[in-house]
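Working through the structure, step by step
So the chains spell out like this:
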Number of protein chains: 2
Amino acid sequence: MQAYRSLATTFSRLGAIEDASGILGWDMQTLMPDGASEMRGDQLATLSVLAHEILTSQKTADALAQAEDETGLGEWEQANLREMRRTYIHASAVPGDLVEASSKASTRSEMAWREARKQGDFAMLAPHLAETLRLQRQIGEAKGAVLGLSPYDALLDGYDPGMRQARIDPLFALLRATLPDLLGRAQARQAARGPALPLLGRFPIESQKDLGLTLMRAAGFDFERGRLDVSLHPFCGGATDDVRITTRYDEADATRALMGVMHETGHALYEQGRPAAWRHQPVSQARGMSLHESQSLLIEMQACRSREFVEFLAPRLREAFGGEGPAWEADNVHRLYTRVEPGFIRVDADEVTYPAHILLRYELETAMIAGDLAVADLPGAFNDGVSRLLGLTVTNDREGCLQDIHWPGGSFGYFPTYTLGAMGAAQLFAAACAALPAIRPALAQGDFSALRGWLRENVHAKGSLLQTDELFVAATGKPLGAEDFLAHLERRYAADAAVS
Amino acid sequence: MQAYRSLATTFSRLGAIEDASGILGWDMQTLMPDGASEMRGDQLATLSVLAHEILTSQKTADALAQAEDETGLGEWEQANLREMRRTYIHASAVPGDLVEASSKASTRSEMAWREARKQGDFAMLAPHLAETLRLQRQIGEAKGAVLGLSPYDALLDGYDPGMRQARIDPLFALLRATLPDLLGRAQARQAARGPALPLLGRFPIESQKDLGLTLMRAAGFDFERGRLDVSLHPFCGGATDDVRITTRYDEADATRALMGVMHETGHALYEQGRPAAWRHQPVSQARGMSLHESQSLLIEMQACRSREFVEFLAPRLREAFGGEGPAWEADNVHRLYTRVEPGFIRVDADEVTYPAHILLRYELETAMIAGDLAVADLPGAFNDGVSRLLGLTVTNDREGCLQDIHWPGGSFGYFPTYTLGAMGAAQLFAAACAALPAIRPALAQGDFSALRGWLRENVHAKGSLLQTDELFVAATGKPLGAEDFLAHLERRYAADAAVS
């Protein structure tokens, strides 16, 4: 096992570099002064190149080949070695100068996006985005050539190992066929019940933050190994033993930041629950972004927007903000938290219309990577899609193709993982509740322990031991599908009987 | 110039790694959750080892030798090459595993220090400090062997290039011989004038912070390329184009944090004024820690505690905190800011007694590195020294040898730079005021521009172009000495005539 042990040392070092980049990236989005962006780009690019050099060195290649001939590896070591090989393939397929150019371009493009979004001016972003796209297409082509995949599948595989366009297409087609009717019935039921009462007032940021921290604690976030901060675009980042989630507050809205916090807490519980014995080894990593998103959506959508949890939440909301009257009753708060309405902004979308945002972005990014859609034509294509899929007319790119950081940041192939994650969340939550019927009643007491225990055992502590569908089969008895998600939407939004 | 150019690329990469470590180190002291300390230690150690490997590689060694034979290098390139060689010597003298062990030990020791200081329990720190000292002695021996220096001189040279124990000894002996009498006369003058009136009240942190930011702006701190935050032990850190200073606030004290902020602002102006055309090259670096400290003390002690600047400051203090009465008059505020009183805590010490704290630490750390003082005997020796040099009795190590982060953090050879810096500050300020007599009157208007311009030209923008004493000769007409410092103390604290 000498070669394997040498690889473990190498990957431990790579893990530390990745963690360093994680903190630098978090800082860039939360605290960094604007004038530091070029130098920060240099720092991240340098770390990225160093990691790339270590990972793709002849020494690593030789050790991988030798380790794959070694005997005596246990189940975890074997999975670790498989993930090392996967990581190596993804990295070695891309030349070092392309890695560096792409990292720098993405940083510049992200900074341009901040300003372009502020001013609603796509032209400010366009040349930077074009360069980022050009380099991502090159990366997709380079990886695809080695993996025997199309450029888009190769990029997708970097976010969600094993996922393919051919697997997504029928799942998304099912959603596209089913959701318009479901949305119509959900809106009809909503109209019949009359509008939910708004929570009116000013809701001090400090109180929102305190309540968010209380809920994070209830869900089991470990503050000895993590933080909550503020950024323009909420995310879960940071490093091993230092998981940092962010949110943004609006003093006119009592409910939104709170669910944002619980969403990121779902991501954080996954990160904090990864197998500690394998820290910095590839097998300890989360199993792809679809599964990651399943954890955030499971906490936010399945658990925290459930009728049971709102029973626990509503009196605490009322107390935190000094609310009075029927608007603050659990029934009404639940109706606010399960309101359905097509809108422009993806991150504000409800569960029923969210998939439309993803279907659109998936359609556009597959076209951009295939070379069928130029950056100059993006705003038009985006706005056409919003009209077609959501029935809305975009009048400012800030509400259109400038709303998301993903493409400027160089993330093509990431968007589908949101909706694959929604499917996974529903499927895992259904299995957890079937195995432990006490989960739902406990949520009404603000008690996440049974749910968290099930997730820790069946998902978090597995790291990357299992491939994604192996994990779904082990945990739920079947591979990832759309049925539980559609059944959940039907039950919560369209059924005549009790809401869930 | 091919070899030189290749070195410039290598050192640019090293600069980016150092910058990354700078931000990670800042984060560790300001925001990082406690549970992340081990992993952060891994991150910093990994970056340190990577930088060490690059710097000490055969490729760097060969390029250095070749570049030193190349012709056509300009003045800056030659100085850059000289600094590259110096950096290389310091690094290559120390084996990689010693660098890594020492980095990890220092991180652990720093974390133990936080807790030990909180609890006033030296025993909690002792084993960690012993390990840190052991490794620093090894580093000193390894460097000394190559540089032909004693271990202590070798460590000192890492903080203050060219500085030697033999140069410090007579300077410190002069202070030791002169200051007790000066202190006596200062205290007598102070007693004759009667006590300064205290500023009483509670001073909200937000107001202290706002006033600090106002003064930072007046001094010329560039907030597009830096930040002000909070940490237990104030420092100036961060990275190129991202200079981060910290302070700590006390709601019962209106004046202390403010001067702390201006002290760190002095450091920051140096960092922000380094030659931009040479970013990430060794020649762009600040010229050692004594000169760095001269910049912080020049802003804090020479400029901001001057009678002129207090004229500008006093009404703003009064306005910020709603102060009323004679205590808030400039005369009284100046007396508060120039009060002399022997005390336990170095960072709270006045200008006249501060050198005693340094003489003690210098005496102890030279003994520890020489192997003449064991960590177990440190508290006793420290307390004896406080009694001998300051006439005070230490009753809790929190007020004694646990007060400073330097030794736990592995910094031996750093302390003398504080008092060398005080000498340099007096010498540079005297030369600046002689060259531009408008500097002092401008400070009474809160206008630092003339002073900053002189510093930028004569100190900041020089980077490491000149050796320290060359810079002092060019800027002040003579090498670094103690005369201007003693003359300044005499004038401000002991003279019968007008205070300065």
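Along each chain, residue indices are assigned from 1 in the same order as the chain's sequence is written. All chains are assigned letters beginning at A, and all ligands numbers beginning at 1, according to the order in which they are written. In view of the model being predicted, local features appear only for residues whose pLDDT reaches at least 70, and side-chain atom pairs are presented and counted only at 80 or more, with totals across whole chains, interfaces and linings using the full set of residues. Processing note: side-chain calculations cover all non-hydrogen atoms of the structure and skip hydrogens and water entirely.

An unreviewed UniProt entry lists chain A under the name Metal-dependent carboxypeptidase, with Methylobacterium brachythecii as the source organism. UniProt positions are given in the numbering used here, feature names are shortened, and annotations may be inferred rather than shown by experiment. As stated in UniProt under Catalytic activity (unreviewed entry), the record for chain A gives "Release of a C-terminal amino acid with broad specificity, except for -Pro." Entered under Function (unreviewed entry) in the UniProt record, the comment concerning chain A runs "Broad specificity carboxypetidase that releases amino acids sequentially from the C-terminus, including neutral, aromatic, polar and basic residues."

With that settled, consider the domain arrangement of chain A. All names here are of chain A. For each domain, the first and last residues come from an automatic or database assignment. If you check the domain split of chain A, you get domain 1 (2–159) and domain 2 (184–345 + 416–494). Taking the mean C-alpha position of each, domain 1 and domain 2 sit 28 Å from one another. In what follows, residue pairs with any heavy atoms lying within 4.5 Å of each other are defined as contacts. The partner domain 2 presents 31 residues to the 26 residues of domain 1 that form the contact. In short, buried area is how much 1.4 Å probe accessible area vanishes from two parts on joining, totalled over both. Here domain 1 packs against domain 2, burying approximately 2400 Å² in sum over the two surfaces, 60% of which is carbon and sulfur. Among the residues of domain 1 in contact with domain 2, Asp19, Trp26 and Trp76 are the three that bury the most area, contributing 29% of the side total.

A separate point is the UniProt feature "binding site: Zn(2+)" (unreviewed entry) in chain A. Residues and elements named next belong to chain A. The UniProt record annotates "binding site: Zn(2+)" (unreviewed entry) at His263, His267 and Glu293. These annotated residues cover 31 residues of sequence, but their C-alpha atoms sit close together, with the largest distance between any two at 8.9 Å. Numbering of helices and strands starts at the N terminus; helices are DSSP runs of H or I of at least 4 residues and strands are runs of E of at least 2. Mapped onto the elements, His267 comes out in helix H10 (residues 256–272). Burial status follows relative accessibility: with a 1.4 Å probe on protein chains alone, a residue under 20% of its type maximum counts as buried, one over 50% as exposed, and anything between as partly exposed. Exposure remark for His267: the relative accessible area of 8% places this residue in the buried category. The residues touching His267, leaving out its near neighbours within four places in the chain, are Cys236, His292, Glu293 and Ser296. As for its position among the elements, Glu293 is in helix H11 (residues 288–304).

This part is about the interface of chain B and chain A. Contact with chain B, which involves 38 residues of that partner, is made by 38 residues of chain A. Between chain B and chain A, a total of about 2900 Å² is buried, with carbon and sulfur atoms accounting for 61% of that surface. Should a side-chain nitrogen of Lys or Arg be within 4 Å of a carboxyl oxygen of Asp or Glu, the pair is scored as a salt bridge. Seen at the junction of chain B and chain A, the total is eight salt bridges. As a salt-bridge pair, Glu38 of chain B and Arg279 of chain A come within 4.0 Å of each other at their nearest N and O atoms. Whenever two N or O atoms come within 3.5 Å, that pair is a polar contact, provided that in protein one can donate a hydrogen and the other can accept it, and provided that, for residues adjacent in sequence, both atoms are side-chain atoms. The tally of links from chain B across to chain A stands at ten residue pairs in polar contact (both at pLDDT 80 or more).

Let us look at the UniProt feature "active site" (unreviewed entry) in chain A. Residues and elements named next belong to chain A. The positions that UniProt labels "active site" (unreviewed entry) are, in the present scheme, Glu264. With respect to the secondary-structure elements, Glu264 resides in helix H10. Its relative accessible area of 7% is what places Glu264 among the buried residues. Contacts of Glu264, omitting those with residues within four sequence positions, involve Pro234, Phe235, Cys236, Ile245 and Thr246.

This brings us to the nonpolar core. Note on soluble globular proteins: their nonpolar side chains tend to be buried together. Only buried residues count toward a nonpolar core, which is a set of Ala, Val, Leu, Ile, Met, Phe, Trp, Tyr and Cys residues joined through side-chain atoms within 4.5 Å. Counting 320 residues, the largest nonpolar core has Phe172, Phe448 and Leu451 of chain A together with Phe172, Phe448 and Leu451 of chain B as the members making the most contacts within it. Counting residues domain by domain, this core receives three or more from each of domain 1 (2–159) and domain 2 (184–345 + 416–494) of chain A. With residues near it in sequence (within four places) discarded, Phe448 of chain B still touches Ala218, Ala219, Met262, Ile299, Ala303, Cys304, Phe309 and Leu443 of chain B. Counting six residues, the second largest nonpolar core, distinct from the first, contains Phe235 of chain A together with Trp26, Leu31 and Phe235 of chain B.

Here chain B sits on chain A after a turn of 180° about the axis and a move of 0.0 Å along it, with an RMSD of 0.0 Å. In short, the pair behaves as if placed about a two-fold rotation axis. Only residues with pLDDT of at least 70 in both copies contribute their C-alpha atoms to the least-squares superposition of the copies.

What the rule picks out here adds up to 72 salt bridges over all chains. Of the charged contacts, one joins Glu271 of chain A and Arg274 of chain A as a salt bridge, the two residues approaching to 3.0 Å between their closest N and O atoms. A residue is classified by how much of its surface remains accessible, and Arg274 of chain A, at 12% relative accessible area, is buried. When the shortest N-O distance is used, the salt bridge between Glu311 of chain B and Arg307 of chain B registers 2.7 Å. You can see Glu311 of chain B and its partner Arg307 of chain B sitting in helix H12 (residues 307–321), four residues apart, about one turn around the helix. Residue classification places Glu311 of chain B among the partly exposed residues on the basis of a relative accessible area of 41%. The network of salt bridges with shared partners includes Arg82, Glu83, Arg86, Asp157, Arg164 and Arg287 of chain A.

Below, the discussion takes up the sheet that holds strand S2 (residues 236–239) of chain B. Residues and elements named next belong to chain B. One open sheet accounts for three strands, arranged S1-S3-S2; its pairing is mixed. In this open sheet, the two edge strands, each paired with only one partner strand, are strand S1 (226–230) and S2. Put simply, the sheet's adjacent strands are angled 25° from each other on average, direction ignored. Pairing between two strands is assigned when DSSP locates at least 2 bridges connecting them. Bridge count between S2 and strand S3 (residues 242–247): four bridges; the pairing is antiparallel. What sits directly across from Cys236, in S3, is Ile245. Under this scheme, a helix contributes an axis fitted over its contacting stretch, all axes are lines through C-alpha atoms, and angles between N-to-C directions fall in the 0 to 180 degree range. Lying on the sheet, helix H1 (residues 2–30) is in contact with S1, S2 and S3; it crosses S2 at an angle near 135°.

A few words on helix H2 (residues 37–55) of chain A. In this model H2 of chain A runs 27 Å from its N-terminal to its C-terminal C-alpha over 19 residues, within 8% of the 27 Å that 1.5 Å per residue would give. Burial runs high along H2 of chain A: 16 of the 19 residues are buried. Multiply 1.5 Å by the residue count of a helix minus one, and that product is the helix's expected span.

All names here are of chain A. With respect to topology, three strands assemble into an open sheet ordered S1-S3-S2, the strand pairing being mixed. Each edge of the open sheet is held by one strand with a lone partner, namely strand S1 (226–230) and strand S2 (236–239). If you compare each strand with its neighbour and ignore which way they point, the axes differ by 25° on average. Here H10 sits on the sheet and contacts S1, S2 and strand S3 (242–247); the angle it forms with S3, its principal contact strand, is near 165°.

The next point concerns the packing of helix H9 (residues 205–219) of chain B against H12 of chain B. A packed helix pair is summarised by two numbers, namely the angle formed by the two axes and the spacing between the axes. All names here are of chain B. Viewed as axis vectors pointing N to C, H9 and H12 meet at an angle of 150°, and their least axial separation amounts to 10 Å. Between H9 and H12, the angle is such that the two are roughly antiparallel. Considering the relative orientation of H9 and H12, their crossing is right-handed. Along its contact with H9, which presents Ser207, Gln208, Leu211 and Leu215, the element H12 presents Phe309, Phe312, Leu313, Arg316, Leu317, Ala320 and Phe321. Each angle gets one of four labels, with under 35 degrees taken as roughly parallel, over 145 as roughly antiparallel, 65 to 115 as roughly perpendicular, and the rest as oblique. Note on convention: the crossing is left-handed when the near helix lies turned anticlockwise from the far helix by less than a right angle, right-handed when the turn is clockwise.

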